[in-house]
Amino acid sequence: MFTKIKIKNYKSLVDLEVDLTQKRNTPKPIVLIYGENGVGKSNFANVFYTLFETLQTLSVRKAIRQFLEKKDSIAEESEEAFKRFISENFRDIESIIKNSKTKNSKENMRLEFAFLIDENPGSYLLEFDENKIVHEKLDFVLNKNKTNLYDINTEKIKINDKLFMDNDYAKEFMELLIKYRGKHSFLSILLSEEEEKAEGYIEDKIHERLYDVLAAFVTMSIRVKKGNKGEKGKIGISHEILGKLKRGEINIDDEEELDKAEEMINEFFTLMYSDIKEAYYKREIREEKIQYELMFKKLIYGKVVDIDVKSESTGTLHLLDILPFLLMGIKGRTVIIDELDSGIHDLLVNNILSNMVEAIKGQIIITTHNTMLLESSIEPAYIYTFMVDANANKTLTSIVSYEDRTHPNLNYRSRYLKGMYGGVPISRDIDFEELLEILD
């Protein structure tokens, strides 16, 4: 879970520092981020996806295996399809920088994440020039106190003596660091080793605290906008079926997992929608496999009708997509969702978040435009807004930082809509007839 984020020269976020802590410097369980369109909400959410991308730069072999596993569902098994799959699921460091660094900036891009894992504090720094990593640094607890685990820049590689439990493997890993310095991060090399070596091999050779950090980053669940081409992301799922709730295929021996998913979805959607009377999976058994598709029994004009998931509304499909992410936050993982409320009724979003906030064991960071949440049971300290000053400098802070906390009955929604916390569009009246006349 994250406690502070420092960003330099990342897309539209030239210089931003965000404090996500509450009492005793613990992470806030939920963070709602408001701001006018184009201010940088999605860019802030994307910072976490960029962190995940830097972990994957050596995972091309895994990506190839995934492509081969999915080839039956890809209509055109061509070289072009393969290239498209790789480009969508794998970036090298140079591509990450090109996609992320502030346009026309001559200074380095820096991303720094302060975090808490099992109540232990740590921080992770990545700094990039125009085409490579120039500085990577990880601080975390090894025994009792926070210390430096490694510090790597273009001139030196400094590794804590206690980081590796096997001297021979330490030398082997050092050779990889020298070979890949600047092109791949320490953590991406470690993740690649963990993927390629036999199960349990790496865990026995590195300090468990280092593995804790890697695991925390890899199991993040992130859903962000992909420009005007929909959404992208990854989910650190604890149950494989959570990644394919709409339809899919499982081994017949795993049908119990499908039964559990069906029960969970039925419980959720019959509580959320008055017209949904049941959610179930239509199943077909083929060669020891179960092919399944989600169905809803809906009350329509007095009759209960079976509706397949493909025919559902955009909002319902979006809710189905984000449900696994919300569950991961309850389970104890870190979750980032850009525009959670897209296509979903304000009252539904309000009900969902108000019901789950007390149950969150991890951390959920959300961007939203739903102002009803400002009047919900969610703590005002968990609500953040982007403020832009006259020189276009940006800050992202909790709305309580603008207020005297001795006031017991503040209407935060009313004050937000009046622009007292920033984050709202400021525009003048528009004469649409004049716009039409310009075209004539």
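Up top is the structure.
Quick caveat: nothing in here was measured; it's all calculated off a predicted structure.

What follows covers unusual backbone geometry. Positive phi outside glycine occurs at Asn25, with the angle close to 60 degrees. Structurally, Asn25 can be placed in the loop between strand E2 (13–19) and strand E3 (30–34). Located in the positive-phi region is Glu119, a residue other than glycine, with phi close to 70 degrees. Tracing the backbone shows Glu119 in the loop between strand E4 (109–117) and strand E5 (120–128). Taking the relative accessible area as the measure of exposure, Glu119 reaches 71% and is therefore exposed.

Time to look at a nonpolar patch on the surface. On the surface, a nonpolar cluster with roughly 460 Å² of combined accessible area is contributed by Ile430, Phe432, Leu435 and Ile438. By secondary structure assignment, the location of Phe432 is in helix H12 (residues 432–439).

A word on the packing of aromatic side chains. In the structure shown here, the tally under the stated rule is 19 aromatic pairs. Relative to Phe173, the ring of Phe164 has its centre 5.3 Å away and its plane inclined at 50 degrees; by these criteria the two rings are tilted. Exposure remark for Phe164: the relative accessible area of 10% places this residue in the buried category. For Phe173, a relative accessible area of 0% puts it in the buried group. Ring-pair connections join several aromatic residues into one group, and the members of that group are Phe2, Phe44, Phe48, Phe113, Phe115, Tyr124, Phe140 and Phe217.

Calculation rules
Residues numbered from 1 in each chain as written. Predicted model: local features only at pLDDT ≥ 70, side-chain atom pairs only at ≥ 80, totals over all residues. Heavy atoms only, no water. Helix = DSSP H or I, 4+ residues; strand = E, 2+ residues; numbered from the N terminus. Buried < 20%, exposed > 50% of the residue type's maximum accessible area, 1.4 Å probe, protein only. Patch = residues over 30% accessible without salt bridge, like charges linked within 9 Å, V, L, I, M, F, W, Y side chains within 5 Å. Areas by Shrake-Rupley, 256 points an atom, 1.4 Å probe, with all protein chains shown as cover. Salt bridge = Lys/Arg side-chain N within 4 Å of Asp/Glu carboxyl O. Phe/Tyr/Trp six-rings, centres within 6.5 Å; stacked < 30°, edge-to-face > 60°.

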